[in-house]
Amino acid sequence: MEMNRRSFMKQSCAGAAGLMLSRLAPSLYAGSSQKQPNLLIVLADQLGLNHCGYADYWNGSHYTGSAITPNLNRFASQGINFFNAVSNTPVCSAFRASLMTGKYTTSHGMVINELRLNPNQDCLGHCLTRAGYNTAYIGKWHLYANVLGDHTNPENSFVPRGIHRLGFDGFWAAYNFHHDYYNTYYHTESKDKIFWGPGVYEPDGQTDLAISWLKGRAEKSSNPFAMVLSWGTPHDPWNDGNVPTEYRAMFSGKAFPNSVNYKPDNDPYADGWATLSASERAGLESWRRNYYAMTTNLDWNFGRLMQFLENSGLTENTIVVFSSDHGEMFGAQGRRAKNIFYEEAARIPFLIRWSGHIPAGSVCDACLSTIDFTPTFLGLLGLSVPSRMDGINLSHWAMGKTGPEPDAAFMQGTGATANWSTGHEWRAVRNKKYTYAKYRIARTGADQELLFDHSADPYQLTNLISDPAHQTVLQELRNKLAEKMKSFSDTFEASTFYRDRWTDGNRIILRGARG
């Protein structure tokens, strides 16, 4: 059975909003006059920091241009900007698994895309549900299907209620993975596809649904809410038919040339998802136009959501987070897509607003990464952080206080994007000034070790590995990488090692280095 979204929305939103969850767990707000704050997490897909208008990226010089993002720009001025935020493994499923579990990729085991995450972990959703939050998840999930390809098959796109929703036990309007933005669908409690309907652009429909659920919840429950809205844009494909006409028109004819670190030859370490054909290289400028058009639409939807919070009186007691899973290379360093330590792929937006609590317009240079997201969210909510999470709570920095912070972000490349081919694995540490990276194997025509001063050389054009002036720094970062790997039981294996030892042979994860 396939339902139309309009006929389904009224009953689904009202039903979900009426769910009574467990009693509030002890928190900083228990027994106080202050209400438990709400949490709203908004995620883009493949939106790099360098493409956000507010970021004033790379010493004030934008990469090859930026989208039109007045709402994100305004939002950045209302809260805190963690401008050094990076994705620990800049690829879709690994990011989402790290966000949910607070663990590194080798700890949770989601080493490539299209695996099914082991649900026997204490995750963000579990913490929220235990604390009495009404939860809602809308959009892309990408943690359940265990088939490479065949994404629209309901066996792969539907996530059944239960353990595989990782504690998000309330309203569910999601799908595992697709990136067609017209004539698309989501699932709630069955394999039946609920279509948005003719002419509805998916992010527009998802934002409508988020607003509708919030309205219904306000009428039905006094419990705090926690919602994740996970858009698919601005992820490719960047063809004209995947973007609203009015947004494409905003960028028609505008020049978006290759960046200064564009390379005409493919990176020898790139997997099949990261290489570019001659025709794709010829189309990069067109791709960028549609990417920016998608991002500008995303900004419009974000603005609508923020306006609803304001109009409904929810702004003051709602913590709002905006982020993305990774960026996009667009030919820089001879690569497209993600899954690499370079700035274009690894650096992501991470903005938090909590009116009256987080100082407006503040900026933090802490080396925050995906594993720190959930501990920080829980810290802001006054909830305890599960002991097996690898990340740390940085809520004190968000609240304008000083305290512990990571000495560097540890990043992992654990295989090709979605298959078990080997030879693409890497590890890296990134502190406030340098990025040091090492590939597991050497490849002809490419450096196995790389050291960049991303402060002085933001396009990462000069590898300092052999520079006499940087040998002390190099050894310090080599030691730091070894220390990080040892601390989290990361033995830097070929991706097939994880297939053979951590999965059931059918892309279902059974274990990781740390559970």
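Look up a bit, the structure's there.
Basis of the calculations
Residues numbered from 1 in each chain as written. Predicted model: local features only at pLDDT ≥ 70, side-chain atom pairs only at ≥ 80, totals over all residues. Heavy atoms only, no water. Helix = DSSP H or I, 4+ residues; strand = E, 2+ residues; numbered from the N terminus. Buried < 20%, exposed > 50% of the residue type's maximum accessible area, 1.4 Å probe, protein only. Polar contact = N/O pair within 3.5 Å; in protein donor to acceptor, adjacent residues only side chain to side chain. Contact = heavy atoms within 4.5 Å. Pairing = 2+ DSSP bridges. Axes fitted to C-alpha atoms, helices over the stretch in contact; angles between N-to-C directions. Phe/Tyr/Trp six-rings, centres within 6.5 Å; stacked < 30°, edge-to-face > 60°. Lys NZ or Arg CZ within 6 Å of the ring centre and 35° of its normal. Salt bridge = Lys/Arg side-chain N within 4 Å of Asp/Glu carboxyl O.

Topic: the side chain of His142
With respect to the helices and strands, the residue His142 is situated in the loop between strand S4 (134-140) and helix H7 (154-157). Judged by its relative accessible area of 2%, His142 falls in the buried class. Within the local environment of His142, its side chain forms a polar contact with the side chain of Glu114, the two groups lying 3.1 Å apart. Once residues lying within four places of it in the same chain are set aside, the contact partners of His142 are Cys92, Ser93, Arg96, Asn113, Glu114, Tyr175, Asn176 and Phe177.

Considering the sheet that holds S4
Spatial strand order, S5-S4-S8-S2-S9-S10-S3-S11: eight strands in an open sheet with mixed pairing. With one partner strand each, in any of the chains shown, strand S5 (171-175) and strand S11 (362-364) form the two edges of the open sheet. Ignoring which end each strand starts from, the neighbouring axes of this sheet average 10° apart. Bridge analysis of strand S2 (residues 38-44) against strand S9 (residues 318-324) gives seven bridges, and the strand direction is parallel. Looking at S9, one finds that Leu43 is bridged to Ser323.

Side note on the environment of Ser98
Here Ser98 lies in helix H4 (residues 92-101). Given the relative accessible area of 1%, Ser98 is considered buried. In sequence terms Ser98 and Gly331 are 233 residues apart; their C-alpha atoms lie 27 Å from each other. Here Ser98 is in contact with Lys103, Tyr104, Thr105, His108, Thr370 and Ile371, once residues within four sequence places are set aside.

Section: the packing of aromatic side chains
Going through the model one piece at a time under the given rule, you end up with 35 aromatic pairs. Measuring from centroid to centroid gives 5.9 Å for Phe95 and Phe373, while their planes differ by 80°, and the two rings are edge-to-face. With a gap of 278 residues between them, Phe95 in helix H4 and Phe373 in helix H13 (residues 373-381) connect regions that are remote in the sequence. Considered together, Phe95 and Phe373 belong to a single accessibility category, that of buried residues. Through a chain of ring-to-ring contacts, three or more aromatic side chains come together here, namely Trp238, Phe251, Phe256, Trp287, Tyr291, Tyr292 and Phe330. Geometry around Tyr185 places Lys193 over its ring, the cationic atom sitting 4.4 Å from the centre. Stacked on the ring of Tyr434, the Lys or Arg Lys433 has its end atom at 5.4 Å from the ring centre.

Quick notes on the pattern of salt bridges
Within this structure, the stated rule accounts for 25 salt bridges. Here Asp325 makes a salt bridge to Arg96, at a shortest N to O gap of 2.8 Å. Taken as a pair, Asp325 in the loop between S9 and helix H12 (343-346) and Arg96 in helix H4 lie far apart in primary sequence, 229 residues in all. According to the relative accessible area criterion, Arg96 is buried, its value standing at 3%. Arg336 is the salt-bridge partner of Asp236, the closest N and O atoms lying 3.1 Å from each other. Separated by 100 residues along the polypeptide, Asp236 in the loop between strand S8 (225-230) and helix H9 (245-251) and Arg336 in the loop between S9 and H12 bring together distant segments of the chain.

All quantities given are derived from atomic positions and should not be read as evidence of function.
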